[in-house]
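These are the residues of each chain, in order.
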Protein chains: 2
Amino acid sequence: MERVHNFNAGPAVLPEEVLLEAQADLFNYKGMGLSVMEMSHRSKEYEEIINSSHDAIKRIYGIGDDYEVLFMQGGATLQFLTVPMNFCPDDKIANYINTGVWATKALKEAKKLGKKVHVAASSEADKFSYIPKEWTLSENPAYLHITNNNTIYGTEWHTDPVIPKEIPLISDMSSNFMSKPIDINKYSLIYAGAQKNIGPAGAVVVIVKKELLEKINTNVPTILNYKTHADAASMHNTQP
Amino acid sequence: MERVHNFNAGPAVLPEEVLLEAQADLFNYKGMGLSVMEMSHRSKEYEEIINSSHDAIKRIYGIGDDYEVLFMQGGATLQFLTVPMNFCPDDKIANYINTGVWATKALKEAKKLGKKVHVAASSEADKFSYIPKEWTLSENPAYLHITNNNTIYGTEWHTDPVIPKEIPLISDMSSNFMSKPIDINKYSLIYAGAQKNIGPAGAVVVIVKKELLEKINTNVPTILNYKTHADAASMHNTQP
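All residue numbers refer to position in the chain's written sequence, counted from 1. In the order they appear in the text, chains get letters beginning with A and ligands get numbers beginning with 1. Reporting in this predicted model follows two pLDDT cut-offs: at least 70 for local features of residues, and 80 or more for side-chain atom pairs to be given and counted; totals over whole chains, interfaces and linings ignore these cut-offs and use all residues. Excluding hydrogens and water, the side-chain figures rest on all heavy atoms present in the structure.

Would you take a moment to explain the overall build of chain A for this structure?
Broken down by element type, chain A carries seven helices and nine strands. For 240 residues, the compact-globule formula gives about 18 Å, and the C-alpha radius of gyration of chain A, at 19 Å, lands near that figure. Expressed along its principal axes, the backbone C-alpha trace of chain A runs to roughly 60 × 45 × 30 Å. Any residue under 20% of the maximum accessible area for its type is buried, any over 50% is exposed, and the rest in between are partly exposed; the area is computed with a 1.4 Å probe on protein chains only. By residue count, 55% of the 240 residues in chain A fall in the buried class. For chain A, the proportion of contacts with a sequence separation of at least 24, taken over those separated by at least 6, is 62%. Values of accessible area rely on a 1.4 Å probe in the Shrake-Rupley scheme; residue burial ignores everything except the protein chains shown. When the accessible area of chain A is evaluated, it comes to approximately 11000 Å², of which 52% is carbon and sulfur surface. Where the 23 positive side-chain charges of chain A centre and where its 28 negative ones centre are 5 Å apart. Secondary structure elements follow DSSP: runs of H or I no shorter than four residues count as helices, runs of E no shorter than two count as strands, and numbering proceeds from the N terminus. Throughout, radius of gyration means the C-alpha value; the globule benchmark is 2.2 Å times the number of residues raised to the power 0.38. Any pair of residues with heavy atoms lying within 4.5 Å of one another is described as a contacting pair. We treat Lys and Arg as the positive residues and Asp and Glu as the negative residues; His and chain ends play no part in the count. Where a charge lies is defined by one atom per residue type, namely NZ (Lys), CZ (Arg), CG (Asp) and CD (Glu).

Honestly, the sheet that holds strand β8 (residues 189-193) of chain A in this entry has me stumped. Any pointers?
Strand pairing in a sheet is mediated by backbone hydrogen bonds. Such pairs are either parallel or antiparallel. Residue and element names in this part refer to chain A. Strands are labelled as partners when DSSP assigns at least two bridges between them. The seven strands lie next to each other as β1-β9-β8-β7-β4-β2-β3, forming an open sheet whose pairing is mixed. Unpaired on one side and paired on the other, β1 (67-73) and β3 (116-122) mark the two borders of the sheet. Adjacent strand axes in the sheet meet at a mean angle of 20°, parallel and antiparallel pairs treated alike. In terms of strand pairing, β1 meets strand β9 (residues 203-209) through seven bridges, oriented antiparallel. Bridge assignment links Val69 to a residue of β9, and that residue is Ile207. Set on the sheet, helix α3 (residues 75-87) makes contact with β1, β2 (93-98), β4 (141-147), β7 (169-172), β8 and β9; between it and β8 the angle comes to about 160°. Axis definition: a line fitted to C-alpha atoms, limited for helices to the stretch in contact. Angles are taken between N-to-C directions and run from 0 to 180 degrees.

Even after reading the chapter, I still don't get the environment of Val4(A), so can you show me in this structure?
Mapped onto the fold, Val4(A) is located in the segment before α1 (16-27). If sequence neighbours within four positions are ignored, Val4(A) has contacts with Met32(B), Gly33(B) and Leu34(B).

What is the right way to look at the relation of the copies chain B and chain A in this model?
Each of the two chain copies can be brought onto the other by rotation about an axis and movement along it. Overlaying chain B with chain A gives an RMSD of 0.0 Å, the required rotation being 180° about an axis along which the chain moves by 0.0 Å. One copy is carried onto the other by what is essentially a two-fold rotation axis. When C-alpha positions in chain B are compared against the rotation axis, the closest is assigned to Gln23(B), at 2.6 Å. Of the residues that chain B buries at the interface, 100% are likewise interface residues in chain A, meaning the two copies contact each other through the same surface. Least-squares fitting of one copy onto the other uses the C-alpha atoms of those residues that reach a pLDDT of at least 70 in both copies.

Would you explain the packing of aromatic side chains in this entry?
How two aromatic rings sit relative to each other is set out by the distance from centre to centre and by the angle between their planes. Centres within 6.5 Å make a pair out of two Phe, Tyr or Trp rings, where for Trp the six-membered ring is used; the pair is then stacked when the planes are under 30 degrees apart, edge-to-face when over 60, and tilted otherwise. With the rule as written, the count across this model stands at twelve aromatic pairs over all chains. Sitting over a ring, as applied to charges here, requires NZ of Lys or CZ of Arg to be within 6 Å of the ring centre and within 35 degrees of the ring normal. The residue whose ring lies beneath Arg3(A) is Phe27(B), and the NZ or CZ to ring-centre distance is 5.2 Å.

What is the right way to look at the environment of His118(A) in this model?
Residue and element names in this part refer to chain A. Inspection of the secondary structure assignment puts His118 in strand β3. For His118, a relative accessible area of 25% corresponds to the partly exposed category. Along the sequence, His118 and Gly33 sit 85 residues apart, while their C-alpha atoms lie 54 Å from each other. Setting aside its immediate chain neighbours within four residues, His118 contacts Ile93, Ala94, Asn95, Tyr96, Thr136, Leu137 and Ser138.

Would you mind going over the interface of chain B and chain A with me for this structure?
Reports of interface size often rely on the accessible area that becomes lost once the parts have come together. On the chain A side, the residues contacting the 53 residues of chain B number 53 residues. At the boundary of chain B with chain A, total buried surface from both sides reaches about 4400 Å², with 61% on carbon and sulfur atoms. The largest contributions to the chain B side of the interface with chain A come from Phe27(B), Met37(B) and Glu38(B), which together make up 16% of the buried area. When a carboxyl oxygen of Asp or Glu is within 4 Å of a side-chain nitrogen of Lys or Arg, the pair counts as a salt bridge. Counting across the chain B and chain A interface gives two salt bridges. Across the pair Arg3(A) and Glu38(B) runs a salt bridge, and its minimum N-O distance is 2.8 Å. Here a polar contact is taken to be a pair of N or O atoms separated by no more than 3.5 Å, where protein atoms must pair a possible hydrogen donor with a possible acceptor and residues adjacent in sequence count only if both atoms sit in side chains. Run the count over chain B and chain A and you get 19 residue pairs in polar contact (both at pLDDT 80 or more). Sort the elements by how many residues they give to the side of chain B that touches chain A and helix α1 (residues 16-27) of chain B lands first, with eight residues. Considered class by class, the residues forming the side of chain B that touches chain A number 26 nonpolar, 21 polar and six charged. The term buried area denotes the loss of accessible surface (1.4 Å probe radius) that occurs when two parts are joined, taken as the sum for both partners. Gly is placed with the polar residues, together with every amino acid not listed as nonpolar (Ala, Val, Leu, Ile, Met, Phe, Trp, Tyr, Cys and Pro) or charged (Asp, Glu, Lys and Arg).

Even after reading the chapter, I still don't get the pattern of salt bridges, so can you show me in this structure?
Side chains that carry opposite charge are capable of pairing whenever their charged atoms lie near each other. All names here are of chain A. All told, the structure shown has 18 salt bridges over all chains when counted by the stated rule. Here Glu156 and Lys180 are joined by a salt bridge, their closest N and O atoms 3.1 Å apart. With Glu156 in strand β6 (residues 155-156) and Lys180 in the loop between β7 and β8, this pair connects stretches of sequence that are 24 residues apart. Judged by its relative accessible area of 24%, Lys180 is partly exposed.

Sorry if this is basic, but what is going on with the nonpolar core here?
Within soluble globular proteins, side chains that are nonpolar generally end up buried alongside one another. With 62 residues, the main nonpolar core has Leu189(A), Leu224(A), Tyr226(A), Leu189(B), Leu224(B) and Tyr226(B) as its most contacted residues. Those residues in contact with Leu189(B) that lie beyond four places of it in its chain are Val83(B), Phe87(B), Leu169(B), Ile170(B), Ser171(B), Val206(B), Ile207(B), Val208(B), Leu212(B) and Tyr226(B). Nine residue types can take part in a nonpolar core, namely buried Ala, Val, Leu, Ile, Met, Phe, Trp, Tyr and Cys, and a core is a set of them joined through side-chain atoms within 4.5 Å.

Help me understand the pairing of β7(A), please; the structure alone is not making it clear to me.
Two faces make up the sheet, and in a regular strand the side chains alternate between them. All names here are of chain A. The side-chain alternation of β7 yields two buried faces, one formed by Leu169 and Ser171 and the other by Ile170 and Asp172. Pairing of β4 with β7, which is carried by four bridges, proceeds in the parallel orientation. Bridge pairing in β7 places Thr147 opposite Asp172. One ladder, built from three bridges, connects β7 with β8; its direction is parallel. Considered in β8, the bridge of Ser171 is made with Ile190.

How do you make sense of a nonpolar patch on the surface when you look at a structure like this?
A cluster of nonpolar residues, Trp102(A), Ile152(A) and Tyr153(A), forms a patch on the protein surface that exposes about 290 Å² of accessible area. Classification of Trp102(A) by relative accessible area gives partly exposed; the value is 31%. Within this analysis, patches are made of residues with over 30% relative accessible area and no salt bridge. Like charges are joined at 9 Å or less; nonpolar side chains (Val, Leu, Ile, Met, Phe, Trp, Tyr) at 5 Å or less.

How should α1(B) be read in this particular structure?
Note on helix geometry: an α-helix contains 3.6 residues per turn, so any two residues three or four positions apart are oriented the same way. Take the residue count of a helix, subtract one, and multiply by 1.5 Å to get its expected span. Across its twelve residues, α1(B) extends 17 Å between first and last C-alpha, which sits within 8% of the 16 Å expected from 1.5 Å per residue. Residues of α1(B) that are buried: Leu19(B), Gln23(B), Asp25(B), Leu26(B) and Phe27(B). At its buried positions, α1(B) is contacted by α1 of chain A.

As structure tokens, this is what we get:
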């Protein structure tokens, strides 16, 4: 039966050859006699799937060994919470540039956690119609968070913001990840919900500088701690 | 090609007719010309999938309108955290019966959150070889949490613990959900990672008494708040 032209903003349209391979693996993974969904995430075949996916992302974006690629659950929505929980200690201020609906949601979750939040720039007064060219960071910033592309308002960062090297630059790249070249080295952490551009919902890709993993707050819950997932090579619990 | 006999403790072995239907829907969902993975979770076809799954669970377990069925992400591991975060206020004590590895993990996350935790009974000293028949609840208990079946030690609750009605009884049923009749009405909340018994990894089934949803702590992060998922009928963000 014919497939339609699908103009959805997301979930991603997947290439037919990918769907056909997934379809085959869903019933009998590479002749093993079981579905990929029935395999233990502790099996060597499953490990190979995860490791080769990590490697493919590293290769495509030219990412070195100073970064970890992680697959986590809960979508970008859960990252709005885990970013400040892990990387904003109580004596620092989480900085955000507010360029749209998702950026607003991200900074609201930081506030809800009780973190000090500073909006370094915002285009809200002008209905998010542009990307600010200037911003003012707070004193003692924990990080600067941006939303690389604003699906709803159609504005996008075409150059990466330049900030002092010692301040982690963090970006939600859910809606433009893998759509263009990105110099990941300019970022300390980026995250992208898989369903928007690169695959089915359920996984979120995180690329994080190993250096940043050394600065995680104390008492972060196990499953929300980036180090848990880095130490387990994304296999702390069963992947979707 | 033949499918093998699969004796894995989990993920679940899925019935061939289910796999074949999923396989067809993966390429072209019911003749719509797109994969189920490419559909918007705001479409009426997708809504129908979620609603009919909620209804099927309610029908199978005879659950009335005083309960909500939710699909959440992050597996049982994330529930270890969300249960105390939502239902243990600072002036109450979270009670646990410790019967194995997963029960221990659950109570550790409550402690990590800074909650007061009371172990009402434990079989740890005897290598988790039995289910305690007696327990002592703390004063001012927020809830009693049990782990219905202990995959690693092979012990299982064959009768439901009887506690005063005003104390919520909460159970991790990941490894025996849908394997036997359960009187859900005895519980205020149960959760089960789907991958163990009923489907692929990524979703966790939560069945929660509406009454309990009125008692959620303040300032629970949006995505970890059970009310968010109840209000959105499990469609707050894209389901895996």
